[in-house]
Amino acid sequence: MKLPLSWLRDYVDIDLPPGEFAKRVTDAIAEVEGWEVIGEHWDPELVRVAEVLAVDPHPNADRLVLATVNVGEGPRTVVCGAPNVAAGQKIAFATEGAMLVDGHTGKLSRLKLRAIRGVDSAGMVLSEKELGLSDDHEGILVLPQDCAIGAPLVEAIGDVVFDVSTWANRADLLGILGFAREVAAITGQPLREPDRSYSQSDRRADEFVSVTIEAPDLCRRFTASIIEGIELRPSPPWMQQRLMRAGMRPINNVVDVTNYVMLETGQPLHAFDYDLVRGAEIRPRRARPGETLTTLDDVERELDPDMLMICDGDGPVAVAGIMGGGNSEVSESTSTVLLEVANFHPGSIRRTSTQLRLRSEASLRFEKGIGPDLAPYAQERALHLLELVASGRPAAGLVDSFPTPLPSPRITLPAARIEQVLGIVIDSAEVRRILSALGFDVTESRDVFEVTPPFWRPDVALPDDIIEELIRVHGYEKLPTTVLRGALPEAQPRPLERVREQVRSHAAGLGFHEVISYTLTSGEVLSRVVAPDDEDRAKPVAAANPVASQHTYLRTSLRGSLLATYAANRHHEDAAMRLFEVGVEYLPTEADLPHERPVLCAVLGGQRLERWERPGPERLDFFDAKGAVEALLDDLGVEGAFTPEEEYALLAGHTAAISVGEEAVGVVAQVHPDVAASFDIEEPVFLVELWFEPLTRALPERPDYAPPSRYPEARRDLALLVPAATPASALLEVIRSHRARGVSISADVFDEYRGEGVPAGQKSLALALRFQAGDRTLGEKDVVRIEQGLLRRLEQDLGATLRA
Amino acid sequence: MSTTEAEVDSLRAEALEALARAGNEAEQEAWRANWLGRKDGRLTLRLRGLKDAAPEQRAALGKSLNQLKTTLEYELEARRESARADALAALSADAALDVSLPGRPQSLGRLHPVTQTMNDCIDAFAEMGFRVFEGPEVEWSRYNFDAVRIPDDHPARDMWDTIWIDTLIEGERQLLLRTHTSPNQIRVMEQSEPPVRVIVPGKCYRQEATDATHEWMLTQIEGLAVDEGVRMSDLKGTLYAFARRIFGGDRQIIFHHSYFPFVEPGVEMAIDCFICRADGSDCRTCQGTGWIEILGAGMVHPEIIENAGYDSSKYTGFAFGVGIERVAMLRWGIEDIRHFYQNDLRFLRQF
């Protein structure tokens, strides 16, 4: 909300500099987001208020005039091109050297006077644009009549306009008076309320119109007044200036008064042309099915029975609390005004404005909740102003329909509750001072406060609401910093999260960069990595209102995100890349929240970096990916089994399912080159996926432990010929299961070879064997015997023979 | 074989001359085998031949030969020692490395800056006894809004522009992408009894256009403490410790008034600007105010305490929510929030 300091000062004295004022307001009332200083560049000596004494034609130019102005030092002649300059006006007048906005370039520059068409000019009569107030350069700025001749303009109309963000439950702060009340409370200054006096004619308002509320649940109160003898015209400069400073466009004096009072009090008002109200009656009621109304913005609105309408004898004339109808609009032919000031159910206004996609200054206020007693207050203020600026003659009395006035709530606040919530004591004098300043009624007996909030604060309903009022005005800086006391809650075991975080940090340790990508993706990207017959993943959950079409679906696989990220980085990365993300797959569940399945997905590929004095394979390959998996699993204290697998989007023959014990825990593979190419990846790229739920289940409660043996192990390397189709894991499985009198045997494969020297259809696997006895040092003879037994077993089970 | 004293002298001369010529390790080893070898070293054979010498000469000769052996062993060791020293000197001089050549590249990964920041925040609160809890990202509207006192027709809904899930349940849109981690206040209290002291990290989503300070996907950490005797001053103390841990030990904090439907009183917390230290300059980080807003917080609304089945006259609580991206941006001076989820390695490598 725009908060002009000059307007605020009508109600409360403020002598703080803008920065200090903004801080005080932000600390206790609402957030000041910034402020604009009006008249920052107006030199008090050079830019002043003047009066136009006379306007005469320019001898040499049709479009120019000679204005005689008085700036307090006698008549002076200036050349002026503005069509609206007229004798009797107060205007802004600049003399040589004043800093002004150049009408053509829009930049600040110093005024240099020169003769125009042969006539010397003593100064310049200024437009809004030259003063930096707006882009309006059509005519000169006409000042309010009460500006003193010769006064510095900055004193007359200079201002600071604060931009304030207020709260969703505080309609009162959307009124400058409401704001002033808060400022008065925090600065200790008295509040001056606006003039609400007006004269009343002989006729009574209820002779003009009757009000019947047919939907009292939606319309809590409806007040109507009648003003005769309206002279519709532009409102006076001071009112226009204030409306503009507050961000509203002046329309005419009647509409401007309704807007002015709304800005002032926070209570929306609406003016009807009384002569267009049919049947001299007002009936707030629900819309009937199929009813329509063309609103003031010229849009025909389709209404439904949940919406509250203001109707006359024939039908709707306004969408209650949101916008009036064109059929009863105030116009130049209006002479009698029916002024509506009502109170509506906040939720109903919000629902209707959401449904109609129509937010207005009125609806923004009503939906926050306004006290019903603000209606007559705003009526009185508006009647005062209509009499003042539209020559109106108010009829006597208000037509006030208020079916069920609620008693003011009384809130019981024990003093002890203040300390219980805040941790400090606020003494009772301070409690009474703060609450009274905010307009609350407060009595105290035996350490209990009985508090009645003022009618403009329907948001205050509970003792703790009052505690907030107290502490924000008392000052949060008075709150000390203390430490939580009491027992700590019991720790819940979170095994999955522990595994996930361990894997995450270890993956980074293994050279993978963590990425975090958008969890919403497109159906097209998902279809590249998800099999069309994958029940869980091919029909992802969709957003109804995605931020962009490429973020429509909650991803059921992280693979697309990782591959896209890999491809994007490949544009500027030459070396090998290793990326991973820890996230969830959102798997649809019928009529319930989706299952958020936690996974790690990693991709890697590309050229190794140049290695000093060390040879190596040129590109990362499947075994780099698998090695990473093995390291991650080893870190968790388990060993994985890798078996050939075929899966959508992964290259057959280069894909392994990973299992630990009985649990399938992931996959490691080369991404199918066609799929990689669909992401613009033109090199082999490999993928790892680990699934935390089964992985966590597969972990032993405690990892296996055995003390290191006191006896040395015996080592033997040997090469075996096996059928080419025999996986190395089969060999290792046999060796691991081989029992030889208390000697444990372990083995690693360190080479695979096919080609010269190896018969066709076979391959050679080189093994490093280690023999370990728990009770003795193994001798050469022991080892030979065990090895021979093992070789016989391998020959029997797998057809393996010792390679010569 | 018998030996004379004269022969001993000439053996010495010959052996030492040969040793001087043995320049490398292999030649020194050959010299050792030739002279001192256990089987057939020339001196070994002479020593073994002592038994054939004339008995009156045997003692003197034996002494000379053993002296010669000691000398040769000593000289060999000295020769080896000097050769090693020469080799090391050559390694340092002739084979000196160009240490300015690049190191052999190691593959080094990093955690995402959001993860790093989250971990630091979690650690800061964990030290104060907060446990971690996690909740779903796709959430029931009733948890995200209604249960935290933001009914359907309340303007506070405007504070959170929502991405809704397209699925209808019982003919209604009931699911959404959580707009904040606050629904977990309810989830935690439903599942446990006081004392409650949890933090809830996680992703949140907003239906809003992105710019340098707004992202539609964001990461939050929610805090909740409910127990007998939890006071707003404890909230201030907790956040004070957090601010100092994350932003530096000399940080100051202030609270100012704010509104969130699920807390009462509600505040925003700001820290003093550690960039300009409130020097009055036109600081980009704090807009010259000297204060940087960090998070929203407050005392848990008594209705929420009651809805959890706790007695609000006995139990009080506080809650807060921190935007992790904002913390990360402040820590590292990151100018644009959109960097985080672009995942450009040139960005990610810097943290």
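If you're wondering where the values come from, they're calculated on a predicted model, not measured in any experiment.

Focus: the overall build of chain A
The helix and strand tally for chain A stands at 20 helices and 39 strands. In terms of overall dimensions, chain A has C-alpha extents of about 130 × 80 × 60 Å along its principal axes. Residue burial in chain A is summarised as follows: out of 804 residues, 52% are buried. Restricting the contact set of chain A to residue pairs at least 6 apart, pairs at least 24 apart contribute 69%. Working note: accessible area of chain A is about 36,500 Å², and carbon and sulfur atoms make up 49% of it. The average position of the 83 basic charges and that of the 125 acidic charges among the side chains of chain A differ by 5 Å.

Comments concerning the overall build of chain B
Looking only at helices and strands, chain B features 11 helices and 11 strands. Radius of gyration (C-alpha) of chain B: 41 Å, far over the 20 Å computed for a compact globule of 351 residues. Its C-alpha atoms give chain B principal-axis dimensions of about 125 × 45 × 45 Å. The long-range share in chain B, meaning contacts at least 24 apart out of those at least 6 apart in sequence, stands at 65%.

Topic: the sheet that holds strand β35 (residues 685-691) of chain A
All names here are of chain A. As summarised here, the arrangement of the 7 strands in space is β27-β30-β31-β35-β34-β33-β32, forming an open sheet in which the pairing is mixed. Both outer strands of the open sheet, β27 (513-514) and β32 (641-644), are each paired with one neighbouring strand and no more. Inspection of the sheet shows strand β33 (residues 650-660) paired to strand β34 (residues 663-671) by 7 bridges, in the antiparallel sense. Within β34, the position partnered with threonine 655 by the bridge is alanine 669.

What to know about the domain arrangement of chain A
Split into domains, chain A comes out as domain 1 (2-39 + 161-187), domain 2 (47-157), domain 3 (205-401), domain 4 (411-478), domain 5 (495-698) and domain 6 (714-802). Computed over C-alpha atoms only, the centres of domain 4 of chain A and domain 5 of chain A are separated by 57 Å.

Focus on the interface of chain A and chain B
It is common to give the size of an interface as the accessible area lost on bringing the parts into contact. Listed as interface residues are 91 residues of chain A and, on the opposing side, 97 residues of chain B. Together, the buried faces of chain A and chain B total about 7,800 Å²; carbon and sulfur atoms form 57% of this surface. At the boundary of chain A with chain B, the tally comes to 4 salt bridges. Across the salt bridge formed by Arg500(A) and Glu134(B), the nearest N and O atoms sit 2.6 Å from each other. Remark: the boundary between chain A and chain B carries 42 residue pairs in polar contact (both at pLDDT 80 or more).

Quick look at the packing of helix α5 (residues 237-245) of chain A against helix α6 (residues 253-265) of chain A
Residue and element names in this part refer to chain A. Close contact between α5 and α6 brings their axes to 10 Å; oriented N to C, the two are set at 55°. Accordingly, the angle class assigned to the pair α5 and α6 is oblique. In this structure, the crossing between α5 and α6 has a hand that is left-handed. Along its contact with α5, which presents Trp238, Met239, Gln240, Arg242 and Leu243, the element α6 presents Asp256, Val257, Asn259, Tyr260 and Leu263. By residue class, the composition of the contact of α5 with α6 is 6 nonpolar, 2 polar and 2 charged.

Section: the packing of aromatic side chains
The full count for this structure, using the stated rule, is 27 aromatic pairs over all chains. Arranged with centres 5.7 Å apart and planes meeting at 90°, the rings of Trp238(A) and Tyr260(A) form a pair that is edge-to-face. On the criterion of sequence distance, the pair formed by Trp238(A) in helix α5 and Tyr260(A) in helix α6 is long-range, its members being 22 residues apart. The exposure class assigned to Trp238(A) is partly exposed, which follows from its relative accessible area of 29%. Three or more aromatic residues joined by ring pairs make a cluster, and in this case those are Tyr518(A), Tyr205(B), Trp216(B), Trp332(B), Phe340(B), Tyr341(B), Phe347(B) and Phe351(B). Above the face of the Trp456(A) ring, Arg181(A) is positioned so that its terminal group lies 3.5 Å from the ring centre.

Describing the side chain of Asn569(A)
The topology assignment puts Asn569(A) in helix α15 (residues 559-570). Reaching out from Asn569(A), the side chain makes a polar contact with the backbone nitrogen of Leu345(B) at a distance of 2.7 Å. Setting aside chain neighbours within four positions, we find Asn569(A) in contact with Met577(A), Asn343(B), Asp344(B) and Leu345(B).

Re the sheet that holds strand β39 (residues 801-802) of chain A
All names here are of chain A. Strand order across the open sheet formed by 4 strands is β37-β38-β36-β39, with antiparallel pairing between neighbours. A strand with exactly one partner marks an edge of an open sheet, and here the two such strands are β37 (743-753) and β39. In the sheet, β37 pairs with strand β38 (residues 762-773) via 10 bridges, with the strands oriented antiparallel. When the sheet's bridge partners are listed, isoleucine 745 is paired in β38 with phenylalanine 771. Packing of helix α20 (residues 780-798) onto the sheet brings it into contact with β36 (714-723), β37, β38 and β39, and relative to β36 it is tilted by some 20°.

Focus: the state of the cysteines
Here the structure, examined in full by the defined rule, presents 0 disulfides over all chains. Left unpaired, Cys311(A) is separated from the closest cysteine sulfur, that of Cys219(A), by 11 Å. Here Cys276(B) stays unpaired: no disulfide links it, and the sulfur of Cys286(B), its closest cysteine neighbor, is 3.5 Å away. Residue class for Cys276(B) comes out buried when judged on its relative accessible area of 10%.

Notes on the domain arrangement of chain B
Structurally, chain B comprises domain 1 (5-93) and domain 2 (113-348). The C-alpha centroid of domain 2 of chain B is placed 84 Å from the C-alpha centroid of domain 1 of chain B.

Examining the pairing of strand β9 (residues 263-272) of chain B
Strand residues, when the strand is regular, have side chains that alternate between the two faces of the sheet. Residue and element names in this part refer to chain B. Most of β9 is tucked away: 10 of the 10 residues are buried. Taking every second residue as pointing to the same face, both faces of β9 are buried, with Val263, Pro265, Val267, Met269 and Ile271 on one and Glu264, Gly266, Glu268, Ala270 and Asp272 on the other. Between the end of strand β8 (residues 253-258) and the start of β9, which pair antiparallel, lie 4 residues.

What to know about the nonpolar core
Note that soluble globular proteins tend to have their nonpolar side chains buried in a common cluster. Core analysis: the biggest nonpolar cluster contains 242 residues, and Phe179(A), Leu422(A) and Phe320(B) have the highest contact counts within it. The element that contributes the greatest number of residues to this core is helix α9 (residues 374-389) of chain A, accounting for 9 residues. In this view, Phe179(A) contacts Met1(A), Leu3(A), Leu8(A), Val25(A), Ile29(A), Ala30(A), Val164(A), Thr166(A), Asp172(A) and Leu173(A); residues no more than four positions away in its chain are not counted. In terms of nonpolar packing, the next biggest core, distinct from the first, is built from 34 residues, Phe512(A), Phe580(A), Ala602(A) and Ala656(A) among them.

Some remarks on unusual backbone geometry
One can expect most non-glycine residues to show negative phi and most peptide bonds to be in trans. Residues and elements named next belong to chain B. The step from proline 194 to proline 195 runs through a cis peptide bond, and the omega angle for that step is 0°. Looking at the element boundaries, proline 195 is found in the loop between α7 (183-191) and β6 (196-205). The linkage connecting glutamate 264 with the following residue, proline 265, adopts the cis geometry, with an omega of -5°. Tracing the backbone shows proline 265 in strand β9.

Cut-offs used in this document
Residues numbered from 1 in each chain as written. Chains lettered and ligands numbered in written order. Predicted model: local features only at pLDDT ≥ 70, side-chain atom pairs only at ≥ 80, totals over all residues. Heavy atoms only, no water. Helix = DSSP H or I, 4+ residues; strand = E, 2+ residues; numbered from the N terminus. Buried < 20%, exposed > 50% of the residue type's maximum accessible area, 1.4 Å probe, protein only. Contact = heavy atoms within 4.5 Å. Areas by Shrake-Rupley, 256 points an atom, 1.4 Å probe, with all protein chains shown as cover. Lys, Arg positive; Asp, Glu negative; His and termini not counted. Charge placed at Lys NZ, Arg CZ, Asp CG, Glu CD. Rg over C-alpha atoms; globule rule 2.2 N^0.38 Å. Pairing = 2+ DSSP bridges. Domains from an automatic or database assignment. Buried area = accessible area lost by both parts, 1.4 Å probe. Salt bridge = Lys/Arg side-chain N within 4 Å of Asp/Glu carboxyl O. Polar contact = N/O pair within 3.5 Å; in protein donor to acceptor, adjacent residues only side chain to side chain. Axes fitted to C-alpha atoms, helices over the stretch in contact; angles between N-to-C directions. Parallel < 35°, antiparallel > 145°, perpendicular 65-115°, else oblique. Left-handed = near helix turned anticlockwise from the far one by under 90°. Nonpolar A, V, L, I, M, F, W, Y, C, P; charged D, E, K, R; others polar. Phe/Tyr/Trp six-rings, centres within 6.5 Å; stacked < 30°, edge-to-face > 60°. Lys NZ or Arg CZ within 6 Å of the ring centre and 35° of its normal. Disulfide = S-S within 2.5 Å. Core = buried A, V, L, I, M, F, W, Y, C linked by side-chain atoms within 4.5 Å.

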